[in-house]
Number of protein chains: 2
Amino acid sequence: MRIGEVASAAGVSTRALRYYEQQQLIASSRSTGGQRLYTPDTVERVRWIQLLYAAGLSSRTIVEFLPCVHTGIAGLEMIARLRAERDRLDDHMRDLAATRARLDSVLAAAEFGATRPAGEAAGV
Amino acid sequence: MRIGEVASAAGVSTRALRYYEQQQLIASSRSTGGQRLYTPDTVERVRWIQLLYAAGLSSRTIVEFLPCVHTGIAGLEMIARLRAERDRLDDHMRDLAATRARLDSVLAAAEFGATRPAGEAAGV
DNA sequence: CTTGCCTTTGACGTTAACGTCAACTTTTAC
DNA sequence: GTAAAAGTTGACGTTAACGTCAAAGGCAAG
């Protein structure tokens, strides 16, 4: 596949794909004319990259994880790193849930206020 | 309170507080000598700011939300914006949960591999 | 009144993940 | 065979939320 195909299949820009290659996140062969050629599984790989980015991992971390993600093989240290990242994700999700709850109670108060006509507050 | 007190009480840098003021997120009065003075509730406000930042809101959005967060009063449009942000948060949390699950299954495979001695794979 | 810590403004530095030209070369479609 | 579409490298631009000096003034203690 050429770069445009992969880009639209994975929902990213071609610029992003070149950037990923520069960061060693993906690889490509070249056509005789020098154009990048990708294997189809690159699309899945790019989707993984997007997921991990969205989860707050840096490209440096992702480049360490990707081989393990595909092979399921990891040394003890890598397993520890994976656990650490998973736990960080858990913490972050807890924080988000708490924030969401607080936001929701603000919303509830605001909605309540909005359903009352203007002078109804002082025990009318 | 002076800036250093607020900073350590809220767990942020003094630089951050000056930045927040510049972004209209917080306000301060001044001493005769020109130093910033804050009311104690600024600490809570800063904690809110941190929460919302961590939830992915921009300072521009936060500056819109904060009055409503404190008063519980919001117009219909503001309520819609609050709902939209809450829903975005929900989506994000769903994505994170999915990513976490995938990461976890990778981890399970890696842990399984790590508990097996080196030649045990091929049906020994 | 001086020592030493805190604060002020101003301004440049940082980092990540791309966006966006520019000037060309390859491929593709007709 | 010739446009038009797609791709290439190179390099500067962008954005957010601060970090990090620098030079100078404020403030409580002894």
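Our structure is the block above this text.
Quick caveat, the model's predicted, so the values are computed rather than measured.

S.K.: Please provide a residue-by-residue account of the protein's contact with DNA strand D, values included.
M.R.: Around DNA strand D, the surrounding shell holds 21 residues, and the nearest of these are A:Gly4, A:Arg36, B:Ser13, B:Tyr20 and B:Tyr53. In DNA strand D, atoms within 4 Å of the protein come 75% from sugar and phosphate. Take A:Gly4: an N or O atom from its main chain is 2.7 Å from a phosphate oxygen of DNA strand D. B:Ser31 places a side-chain nitrogen or oxygen 3.3 Å from a phosphate oxygen of DNA strand D. Contributing elements (two or more residues each) for the surface near DNA strand D: helix H1 (3-10) and helix H2 (14-22) of chain A together with helix H2 (14-22) of chain B. Per-element tally for the surface near DNA strand D: the top contributor is H2(B), with four residues. Considering only residue class, the surface near DNA strand D consists of five nonpolar, nine polar and seven charged.

S.K.: Before we move on, could you go through the side chain of A:Arg86 and cite the residues and values that matter?
M.R.: Mapped onto the elements of the fold, A:Arg86 is located in helix H5 (residues 76-115). Filtering out sequence-adjacent residues up to four positions away, A:Arg86 remains in contact with B:Arg100, B:Leu103, B:Asp104 and B:Leu107.

Definitions and cut-offs
- Residues numbered from 1 in each chain as written.
- Chains lettered and ligands numbered in written order.
- Predicted model: local features only at pLDDT ≥ 70, side-chain atom pairs only at ≥ 80, totals over all residues.
- Heavy atoms only, no water.
- Near = heavy atom within 4 Å.
- Polar contact = N/O pair within 3.5 Å; in protein donor to acceptor, adjacent residues only side chain to side chain.
- Helix = DSSP H or I, 4+ residues; strand = E, 2+ residues; numbered from the N terminus.
- Nonpolar A, V, L, I, M, F, W, Y, C, P; charged D, E, K, R; others polar.
- Contact = heavy atoms within 4.5 Å.

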